[in-house]
Amino acid sequence: MNTEAAAREEFVIQRIRSGDRAAFEELVTMYRNRGLSIAYNLVGNLEDAKDALQDAFIKVYLYIEGFRGQSKFSTWFHRIVVNASLDFLRKKKRAVSVLTESLQDNIKEGDREISDNSLGPARIAGNQELNRRLEDAIAGLSLKQRICFVLKHQNGLGVREIAEILRCRRSTVKVHLFRAAENLRRKMNVYLKE
Amino acid sequence: MLRCLFIKRKLYDFVAGELGLKEKAALSRHLQVCSGCRRKAGELKTVFSLAAKREKLPLPDEAFWGKFQVELNKRLDQETGAEFAPEPEARRQMRHSYLFRPVLAYASVLLLMMVTVFSLYRYYQPKIHAYQDQQIVEEVLFLEELNGTNGTTILPLGDAYIQEIDIISRYSS
Ligand SMILES: [Zn+2]
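The structure contained in this document is the topic of the report that follows. (Residues numbered from 1 in each chain as written. Chains lettered and ligands numbered in written order. Predicted model: local features only at pLDDT ≥ 70, side-chain atom pairs only at ≥ 80, totals over all residues. Heavy atoms only, no water.)

So, the pattern of salt bridges
Following the criterion strictly, the structure yields 22 salt bridges over all chains and no others. The shortest N-O distance in the salt bridge between Lys174 of chain A and Glu18 of chain B comes to 3.8 Å. With one member in each of two chains, Lys174 of chain A in helix 9 (residues 170-192) and Glu18 of chain B in the loop between helix 1 (2-15) and helix 2 (21-33) form a pair that bridges those chains. Take Lys174 of chain A: its relative accessible area is 30%, and that puts it in the partly exposed class. (Salt bridge = Lys/Arg side-chain N within 4 Å of Asp/Glu carboxyl O. Helix = DSSP H or I, 4+ residues; strand = E, 2+ residues; numbered from the N terminus. Buried < 20%, exposed > 50% of the residue type's maximum accessible area, 1.4 Å probe, protein only.)

And the structure:
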């Protein structure tokens, strides 16, 4: 970010502190694309990502006093987006588990059918299928591994910023990244062999 | 091979492009002679490039963002209890006019009364506090989950997030 953009951002944040909603709309415009991208990579679809991002922006507006300029605004914002996305997933998981309890038997049956039909590299055609495999593999990672992997390899954030977002050491982020990559490689290698 | 076991940990940094020149050269030499590690490196590279491509989905158009902003404004109105509308030109002029000043005085008296009524109302609505407390507890729980600790050791004091929580509790008390 150049100095002019940084000055503008600081000005906009000051205006939001005094309750200026037009300034808030400007901030939304500045940050909506990268916010949506992070939320999308964590929650997995556009509609849910949109809702999670709105939750995040509402928190930004309500708790802007909590931003003291100790970190970059983008880092503070990314942290709120990650939190909002995980909150969203948690709420959704609760709702889904209630919904699926009665359908449990049907779903189990369906699952078995799908995996029986699709296992084996010979049946996999094209990148789209590979992408879907990767989606499933990422979804199967532990929470910490998934967040680190998504932020680094899908959103292009650096290890340092991820450590700031998660409030942990850089070495911890690196361990999660290494384990995530190793797990994904193992899960995917059946499909990567040609 | 013992050497492969040692190298496995460095393979991630190698493929992610995060090794120094010296280590990079040493790893390249090993990959030239070890097909096992070479295969692993290739698999990692494919995983990374697949993951990176996924982010480059076409971003939504202006219509999407227009709707997004309208919804966001509506939700914010509900949260803050305020109506968002651009200030009309007439009111903007009035604000600076001489006639407007006594109105300001009345308005501040009215505001004081509203604040009093509102605080009394809040006092008799313990549910709101309970809900907000629950939210804070949930966020802290999330952090604990993330840090894999009871949350007290890794989060340093004076931390901005603690301050953020501070502010939430200040406004809810
Ligand atoms: Zn080797």
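There is more to say, and it comes next.
Things to note about the coordination of the zinc ion
Residue and element names in this part refer to chain B. Listed as protein donors to the zinc ion are Cys4 (SG), His30 (NE2), Cys34 (SG) and Cys37 (SG); their distances from the metal cover 2.1 to 2.3 Å. Taken together, the 4 donor atoms surrounding the zinc ion define angles of 103 to 114 degrees at the centre, an arrangement classified as tetrahedral. Taken in chain order, the donor set of the zinc ion reads C-x25-H-x3-C-x2-C. One exposure class covers both Cys34 and Cys37, and it is buried. (Donors = N, O, S within 2.8 Å, 3.2 Å for Na, K, Ca; no water. Tetrahedral: all angles 85-135°; square planar, octahedral: opposite > 155°, others 65-115°.)

A short note on the packing of aromatic side chains
This structure, assessed with the given rule, holds 15 aromatic pairs over all chains. With a centroid separation of 5.1 Å and an interplanar angle of 85 degrees, the aromatic rings of Phe64 of chain B and Trp65 of chain B are classed as edge-to-face. In this structure Phe64 of chain B comes out as buried when scored by relative accessible area, which is 17%. By the ring-pair criterion, three or more aromatic residues cluster together here, those being Phe24, Tyr31, Phe57, Tyr61, Phe67, Phe73, Trp76 and Phe77 of chain A together with Phe64, Trp65 and Phe68 of chain B. A cation sits over an aromatic face here: Arg21 of chain A above Tyr61 of chain A, 5.8 Å from the ring centre. (Phe/Tyr/Trp six-rings, centres within 6.5 Å; stacked < 30°, edge-to-face > 60°. Lys NZ or Arg CZ within 6 Å of the ring centre and 35° of its normal.)

Digging into the nonpolar core
Counting 79 residues, the largest nonpolar core has Phe24, Phe57, Val60, Phe73, Phe149 and Met188 of chain A as the members making the most contacts within it. Among the elements that line this core, the one with the most residues is helix 2 (residues 21-43) of chain A, at 11 residues. In this structure Phe57 of chain A touches Phe24, Val28, Tyr31, Arg32 and Phe77 of chain A together with Phe68 and Leu72 of chain B, once residues within four positions along its chain are discounted. (Core = buried A, V, L, I, M, F, W, Y, C linked by side-chain atoms within 4.5 Å. Contact = heavy atoms within 4.5 Å.)

Some thoughts on helix 3 (residues 46-62) of chain A
All names here are of chain A. Taking 1.5 Å of rise per residue, 17 residues should cover 24 Å, and helix 3 covers 24 Å from first to last C-alpha, within 8% of that figure. Counted residue by residue, helix 3 has 13 buried out of 17 residues, so it is predominantly covered. Measuring from the side-chain oxygen of the N-cap residue of helix 3 to the backbone nitrogen of Glu47 gives 3.2 Å; that N-cap residue is Asn45. (Expected span 1.5 Å × (residues − 1). Polar contact = N/O pair within 3.5 Å; in protein donor to acceptor, adjacent residues only side chain to side chain.)

A look at helix 2 of chain B
Residue and element names in this part refer to chain B. Between the first and last C-alpha of helix 2 there are 19 Å, a value that for 13 residues agrees with the 18 Å anticipated at 1.5 Å per step. Those residues of helix 2 that fall on the buried side of the exposure criterion are Leu27, His30 and Leu31. Buried residues of helix 2 fall within an arc of 100 degrees about the axis and therefore sit on the same side. Facing away from the buried side of helix 2 by more than 90 degrees, the exposed set consists of Leu21, Lys22, Arg29, Gln32 and Val33. (Arc of directions from axis to C-beta.)

Focus: the packing of helix 3 of chain A against helix 4 (residues 62-80) of chain B
Here helix 3 of chain A crosses helix 4 of chain B at 45 degrees, and the two axes come no closer than 10 Å. With respect to their mutual orientation, helix 3 of chain A and helix 4 of chain B come out oblique. Relative to helix 4 of chain B, the crossing made by helix 3 of chain A is right-handed. For the pair helix 3 of chain A and helix 4 of chain B, contact is made by Leu46, Lys50, Asp51, Leu53, Gln54, Asp55, Phe57, Ile58, Tyr61 and Leu62 of chain A and by Phe64, Trp65, Phe68, Glu71, Leu72, Arg75, Leu76, Glu79 and Thr80 of chain B, respectively. Tallied by class, the residues present in the contact of helix 3 of chain A with helix 4 of chain B amount to 11 nonpolar, 2 polar and 6 charged. (Axes fitted to C-alpha atoms, helices over the stretch in contact; angles between N-to-C directions. Parallel < 35°, antiparallel > 145°, perpendicular 65-115°, else oblique. Left-handed = near helix turned anticlockwise from the far one by under 90°. Nonpolar A, V, L, I, M, F, W, Y, C, P; charged D, E, K, R; others polar.)

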